[in-house]
Amino acid sequence: MIDIAQLGWEAGTVGELDHRALKAPHVKLRSFTQGPTGDVVYAVDLRINRPNSVFLSSTEMHSFEHFLLWGFQKYMPQNFISIGLMGCQTGFYLVLFNEGRAQTIFDVYEKILNDILTAGEVPYANIAQCGNYKNHSLEMAQALAKRVLEAKSNWRQIT
Ligand SMILES: [Zn+2]
């Protein structure tokens, strides 16, 4: 059995919540699935903006996505499965294998955001590794990283 509270999440915030009540930026366990041999897949929301307020632009989402892909692969190579965009342009979906501890995920996220601030270029922003390689902005990704980092003390405040 998975003990959500022991992993550092508030049990009442797992699953779908009324989007009108959501604050942002926040980090929230969306769901988890345990297989028959005990392995667990965790789906985590990295919400950046409040729903139905301000939306991330295609360019800032894209460059931020590349950095998250690069960073979670780098810091959690045994656990990282995927990162994806929320179609509503307010955040990202993170999927991890056998790592659901809130503090561990927060710490890696913080490391990646700090890496973005000092990066010299957007990773994988080239024609061989990206499907829209001109649609990138290091400056936008850095401004976004700075904003999310500055709100770090609120990441646990979901509603
Ligand atoms: Zn791309």
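None of these values were measured; they are calculated from a predicted model. (Residues numbered from 1 in each chain as written. Predicted model: local features only at pLDDT ≥ 70, side-chain atom pairs only at ≥ 80, totals over all residues. Heavy atoms only, no water.)

1. A closer look at the sheet that holds strand β4 (residues 91-97)
Each strand in a sheet pairs with another by means of backbone hydrogen bonds, the pair being arranged parallel or else antiparallel.
Move 1: Ordered by their spatial adjacency, four strands build an open sheet running β1-β2-β4-β3, and the pairing between neighbours is antiparallel. The strands lining the two open edges of the sheet, one partner per strand, are β1 (26-34) and β3 (80-85). Adjacent strand axes in the sheet meet at a mean angle of 20 degrees when their direction is disregarded.
Move 2: Note: β1 against strand β2 (residues 40-47), eight bridges, orientation antiparallel. Bridging from a neighbouring strand, Q34 pairs with V40 of β2. (Pairing = 2+ DSSP bridges. Helix = DSSP H or I, 4+ residues; strand = E, 2+ residues; numbered from the N terminus. Axes fitted to C-alpha atoms, helices over the stretch in contact; angles between N-to-C directions.)

2. Notes on unusual backbone geometry
Move 1: In this model, A24 is joined to P25 through a cis peptide bond whose omega is -5 degrees.
Move 2: You will see that N52, though not glycine, has its phi angle at about 55 degrees, which is positive.
Move 3: For N52, a relative accessible area of 68% gives the class exposed.
Move 4: Unusually for a residue other than glycine, N98 sits at a positive phi of about 60 degrees. (Buried < 20%, exposed > 50% of the residue type's maximum accessible area, 1.4 Å probe, protein only.)

3. Section: the pattern of salt bridges
Move 1: On inspection of all chains with the given rule, the structure shows seven salt bridges.
Move 2: Here E99 makes a salt bridge to R101, at a shortest N to O gap of 2.7 Å.
Move 3: Taking the relative accessible area as the measure of exposure, R101 reaches 46% and is therefore partly exposed.
Move 4: Among the charged side chains, a network of salt bridges with common partners joins E16, R30 and D45. (Salt bridge = Lys/Arg side-chain N within 4 Å of Asp/Glu carboxyl O.)

4. Remarks on the nonpolar core
Move 1: Core analysis: the biggest nonpolar cluster contains 40 residues, and W9, L46, F72 and Y109 have the highest contact counts within it.
Move 2: For this core, the secondary-structure elements that each account for two or more residues are α1 (4-7), β1, β2, α2 (58-75), β3, β4, α3 (102-118) and α4 (138-150).
Move 3: Broken down by element, the residue count for this core peaks at eight residues, all from α3.
Move 4: Among all residues touching F72, those that are not within four sequence positions of it are L46, P77, F80, L94, V108, Y109 and I112. (Core = buried A, V, L, I, M, F, W, Y, C linked by side-chain atoms within 4.5 Å. Contact = heavy atoms within 4.5 Å.)

5. Observations concerning the packing of α2 against α4
Move 1: Contact pair α2 / α4: the axes reach a minimum separation of 8 Å and the direction vectors enclose 75 degrees. Here α4 runs roughly perpendicular to α2, going by the angle between their axes. Of the residues in α4, those in contact with T59, E60, S63, F64 and F67 of α2 are L138, M140, A141, L144 and A145.
Move 2: Among the residues making up the contact of α2 with α4, the classes are represented as seven nonpolar, two polar and one charged. (Parallel < 35°, antiparallel > 145°, perpendicular 65-115°, else oblique. Nonpolar A, V, L, I, M, F, W, Y, C, P; charged D, E, K, R; others polar.)

6. Comments concerning the coordination of the zinc ion
Move 1: The zinc ion binds to the protein through H62 (NE2), H66 (NE2) and C130 (SG), with metal-donor distances spanning 2.1 to 2.3 Å.
Move 2: Donor residues for the zinc ion sit on one chain with the sequence pattern H-x3-H-x63-C. Of this pair, H62 and H66 are both found in helix α2, four residues apart, which corresponds to roughly one turn of the helix.
Move 3: A relative accessible area of 12% places H62 in the buried class. (Donors = N, O, S within 2.8 Å, 3.2 Å for Na, K, Ca; no water.)

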